[in-house]
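Observations on the model geometry
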Amino acid sequence: MILLPEDVQVVVQGITGRQGSLHTKLMLEYGTNIVAGVTPGRKGQKVHGVPVFDSISEAKEEIGEVNASIIFVPAPFAPDAVYEAVDNGIKLVVVVTEHIPVKDTAKFVRYSRSKGVTVIGPNTPGIIAPMRRVKIGIMPASSFSPGTIGIVSRSGTLTYEISESIIREGYGTSTTLGIGGDPITGLNFVDVLKEFEKDDETEAVILVGEIGGNAEEEAAEYIARGYSKPVVAYIAGRMAPPGRRMGHAGAIIMGSAGTVEAKERALEKANVPVAKKPSEVVRLLKEVLRR
Amino acid sequence: MRLLEYKSKGILRQYGIPTPKGEVAFSPEEAVEITERLGGKSVLKVQIPAGRRGKVGGIKLVGSPQEAGSIAKHLLSTTFYGFKPECLLVEEPVDVMEEYYLGAIVDRSSRSLTFISSSKGGMNVEEMAKEYPESVLKVSIDPFIGMQPYQSRMLAKNMNESTDIWKTLTKIVLSLWKVADDYDSFMLEINPLAVCEGGRVLALDARIEIDDNALFRHPELGGGEEGLAYVELDGNVGTMANGAGLAMATMDLVYLLGGKPANFCDVGGGASAEAVFKALKRITSNSRVKSVVINTLCGITNGIEVAKGIKRFLEEGCTVPIVVRLAGNGAEEGSKILEETGVIHYSEPEEAVKEAIRLAGA
């Protein structure tokens, strides 16, 4: 298990919204310890049995410490929610919210990192550790099973697809983490690879990338310098034309930079086998685990 | 949202960055009049949201107002990179002595806006970085304190060291930062930024891209596109999936299994039947589309909604064959609905893609 505290106590920011309420229910069903919710002006309500407060500091006064937050607050107000979490001493913040302006993200990510806070996202499905029955995110529980494979990804549904494909072959995941589909994210591939390296429960890593930026190339460089665990990869967006954004704000080829080919080359140079299609990932995984 | 050149230059001028004299022409007659006002000669530039226009004949130097008229007529009726120009920018011709590059882009590693300058302008930034890496200076800007004057001096001096030009360039660099900050832009370029005869420093081409997610702070720029993430390609197999990553993977699968994808389309997480219906309408409005593959792995999305959307679309008399991969949440109930419609459906994505390729006759 990576990045999660041993004894997770989660506050849900934006708990009374449609998404916040739905996923609070699903996270509780999975086994996540959600201790409080926050929506300004909704103090005293309960959402699926979870008490709602006007602020995190009020929640802390009533129920004691919280050590992780998940944010479902709409984009214009999401940065404020991050600052509130950080200023209340929370060290792990998962920002599910999509469509946050990059300028705002640049600020709250820099602020959080300067305070030693880990931000997952924005625009992330979150983090799930099946062995511990902890899910701080929106991924469907049925796509994940306990095991020894770490998955780090820039997308959501594609990650579920790949996780399901390895489950069918008898594997499972230690931790799965979506870094988020935006141009600026709290964690990059390298940050997460470092965590998996330290994690005794993780035997091998699947890296699911996509076009745009250079996070995959940086990961390749990092792995090439000596990484103790086998890594396999899949990169989406081979057919994407340059200059067009493919769904995710960060998925865009600029000129000749950020293409699948460039990322594949970099990863293969680092001895990371790259699957041509999602269904090939499990075959490559078997191969690297046999080595 | 990528602003057209003339809109980008309008913003630059408001921030004190000089551009060549010019006006926008929506008709050949206007191109003639503007060329007359500019002294009889002009440069006609098609206004499309794409670069490298010169390579495909989208930029023309004309020697007289009559010539401006006939060439404008041709340019306004031609398609460049799939775009029909809505207008032309008609500018004074200038004699360029030197060309530089000045731009900014979001850098993932430093998690901030990074400014780039180079003494070699006029080519695209990747070419420049490859051919003249030593000419490139990158400076990351702290999002809280913004660009500091010393940073603008460094970026400017990297373009030209001679004192008077350096000073002018420093002002331009700082102004461009203000544009980026005020307009929520994470992709800006002045390329080339040129020293012209007489020592004038001018932004000859400009590109400003506004963060779509920040458009709510800039109502004056008009709304962005609709919510659906759709990009057209030149193949004949339409594609749709829930989630951007899966949608890209689906488009790639069509190609890897021997077909040609007609589009990228992410219907989004938690899509309603209405959203699926609308996405199908959009995909099949492309006349090249001979079949459509829908690849859905439902988590937050409900398979029943997907199936209902498809059913509604088929009931409206669609003639393009549709192949569906439906798995995950609500797939069983969804499959029952699909069976009523007779549409082909699979639980494995590759089978669905292969069938769609076969139906497209590729």
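Residues numbered from 1 in each chain as written. Chains lettered and ligands numbered in written order. Predicted model: local features only at pLDDT ≥ 70, side-chain atom pairs only at ≥ 80, totals over all residues. Heavy atoms only, no water.

Right, let's talk about the overall build of chain B for a bit. Regarding its fold elements, chain B presents 11 helices and 16 strands. Projected onto its principal axes, the C-alpha coordinates of chain B cover approximately 75 × 50 × 40 Å. Scored against the burial criterion, the 362 residues of chain B give a buried share of 54%. The long-range fraction of contacts in chain B, counting pairs at least 24 apart against all pairs at least 6 apart in sequence, stands at 67%. Total accessible area computed for chain B in this model is approximately 15400 Å², and 50% of it derives from carbon and sulfur atoms. The centroid of the 40 positive side-chain charges in chain B is displaced by 2 Å from the centroid of its 49 negative side-chain charges. (Helix = DSSP H or I, 4+ residues; strand = E, 2+ residues; numbered from the N terminus. Buried < 20%, exposed > 50% of the residue type's maximum accessible area, 1.4 Å probe, protein only. Contact = heavy atoms within 4.5 Å. Areas by Shrake-Rupley, 256 points an atom, 1.4 Å probe, with all protein chains shown as cover. Lys, Arg positive; Asp, Glu negative; His and termini not counted. Charge placed at Lys NZ, Arg CZ, Asp CG, Glu CD.)

A word on helix α11 (residues 349–360) of chain B. For α11(B), which comprises 12 residues, the first-to-last C-alpha distance of 17 Å matches the rise-based estimate of 16 Å (1.5 Å per residue) to within 8%. Taken together, the buried positions of α11(B) are occupied by B:Pro349, B:Glu350, B:Ala352, B:Val353, B:Glu355, B:Ala356, B:Ile357 and B:Ala360. In this structure, the buried side of α11(B) is in contact with α5 (157–167) of chain A together with β12 (237–241), α7 (244–256), β14 (291–298), β15 (322–328) and β16 (344–346) of chain B. (Expected span 1.5 Å × (residues − 1).)

All names here are of chain A. Interhelical geometry of helix α6 (residues 189–198) versus helix α7 (residues 215–224) gives an angle of 35° and a closest axis separation of 8 Å. Facing Phe-189, Val-190, Leu-193, Lys-194 and Glu-197 of α6, the residues of α7 in contact are Ala-215, Glu-216, Glu-218, Ala-219, Tyr-222 and Ile-223. Looking at the contact of α6 with α7 residue by residue, the class counts come to 7 nonpolar, no polar and 4 charged. (Axes fitted to C-alpha atoms, helices over the stretch in contact; angles between N-to-C directions. Nonpolar A, V, L, I, M, F, W, Y, C, P; charged D, E, K, R; others polar.)

Once that is clear, we can look at the packing of aromatic side chains. The final tally for this structure, using the stated rule, is 6 aromatic pairs over all chains. Where B:Tyr15 meets B:Tyr183, the ring centres are 6.3 Å apart and the plane angle is 65°; that geometry is what we call edge-to-face. With a gap of 168 residues between them, B:Tyr15 in the loop between α1 (5–14) and β1 (22–25) and B:Tyr183 in the loop between α6 (163–182) and β8 (185–196) connect regions that are remote in the sequence. Of note, A:Arg133 hangs over the ring of A:Tyr30, and the distance from its end group to the ring centre comes to 4.1 Å. Lying across the ring of B:Phe277, B:Arg312 places its NZ or CZ 3.7 Å from the centre. (Phe/Tyr/Trp six-rings, centres within 6.5 Å; stacked < 30°, edge-to-face > 60°. Lys NZ or Arg CZ within 6 Å of the ring centre and 35° of its normal.)

Our next topic: the sheet that holds strand β2 (residues 42–46) of chain B. Residue and element names in this part refer to chain B. Strand order in the open sheet formed by 4 strands is β1-β4-β2-β3, and the pairing between neighbours is antiparallel. Both edges of this open sheet fall to β1 and β3 (59–62), since each of them pairs with a single strand only. Looking at each pair of strands side by side, their axes are set apart by 20° on average, direction ignored. Running at roughly 50° to strand β4 (residues 88–91), α1 makes contact with β1, β2 and β4 of the sheet. Most of the contacts of helix α3 (residues 65–76) go to β3, to which it runs at about 165°, and overall it touches β2, β3 and β4. (Pairing = 2+ DSSP bridges.)

Glancing now at the sheet that holds strand β13 (residues 231–236) of chain A. Residues and elements named next belong to chain A. What the 7 strands build is an open sheet, ordered β9-β8-β11-β10-β12-β13-β14; its pairing is mixed. The open sheet has two edge strands with one neighbour each: β9 (134–137) and β14 (274–275). When strand β10 (residues 146–153) meets strand β11 (residues 173–178), the two strands line up parallel, connected through 5 bridges. By the bridge assignment for β11, Ile-151 is matched with Thr-176. Contacting β12 (204–210), β13 and β14, helix α8 (residues 260–269) runs over the sheet at an angle of about 175° to β13.

Now for empty space enclosed by the protein. Under the definition given, this model contains 1 cavity of 30 Å³ or more. Considering only enclosed or pocket space, the largest cavity measures out at about 200 Å³ in volume. Within the residue set of the lining of the largest cavity, elements represented by two or more residues are α4 (102–114) of chain A together with β6 (112–118), α6 and β8 of chain B. Grouping the amino acids of the lining of the largest cavity by side-chain chemistry returns 10 nonpolar, 2 polar and 5 charged. (1 Å grid on protein atoms, 1.4 Å probe; cavity = no way out; pocket = protein on both sides within 12 Å on 5 of 7 lines; lining within 4 Å. Points joined across faces, edges and corners; volume = space filled by probe spheres on them.)

The omega torsion across A:Gly121 and A:Pro122 is 5°, close enough to zero to call that bond cis. Mapped onto the secondary structure, A:Pro122 falls in the loop between β7 (118–120) and β8 (126–129). Going from B:Asn191 to B:Pro192, the amide bond is cis rather than trans, its omega being 5°. The residue B:Pro192 is located in strand β8 in this model. A positive phi is found at A:Leu3, a non-glycine position, where the angle reads about 65°. Residue placement: A:Leu3 occurs in the segment before β1 (10–13). One non-glycine residue, A:Asn123, lies in the positive phi region at around 60°. Relative to the elements of secondary structure, A:Asn123 occurs in the loop between β7 and β8. Residue class for A:Asn123 comes out buried when judged on its relative accessible area of 11%.

The next subject is the pattern of salt bridges. Residue and element names in this part refer to chain B. In the structure shown here, the tally under the stated rule is 37 salt bridges over all chains. Across the pair Arg-217 and Asp-184 runs a salt bridge, and its minimum N-O distance is 2.9 Å. Taken together, the residues Arg-217 in the loop between β10 (206–210) and β11 (229–232) and Asp-184 in the loop between α6 and β8 connect sequence positions 33 residues apart. The exposure class of Arg-217 is partly exposed, given its relative accessible area of 33%. Look at Asp-184 and you get buried, because its relative accessible area is 3%. Of the charged contacts, one joins Glu-232 and Arg-288 as a salt bridge, the two residues approaching to 3.6 Å between their closest N and O atoms. Taken as a pair, Glu-232 in strand β11 and Arg-288 in the loop between α8 (273–284) and β14 lie far apart in primary sequence, 56 residues in all. Each of Glu-5, Lys-9, Lys-45, Arg-53, Glu-91 and Asp-205 takes part in a single network of salt bridges with overlapping partners. (Salt bridge = Lys/Arg side-chain N within 4 Å of Asp/Glu carboxyl O.)

Now for the interface of chain A and chain B. Taken residue by residue, the interface counts 63 residues in chain A and 49 residues in chain B. When the two sides are added together, the surface that chain A and chain B hide from each other amounts to roughly 4500 Å², 60% of it contributed by carbon and sulfur. It is A:Arg110, A:Met239 and A:Met246 in chain A that bury the most area against chain B; as a group they hold 14% of the surface buried on that side. Counting across the interface, chain A meets chain B through 7 salt bridges. (Buried area = accessible area lost by both parts, 1.4 Å probe.)

Right, let's talk about the domain arrangement of chain B for a bit. Along its sequence, chain B is organised into domain 1 (21–91), domain 2 (96–221) and domain 3 (229–360). The gap between the C-alpha centroids of domain 2 of chain B and domain 3 of chain B is 42 Å. (Domains from an automatic or database assignment.)

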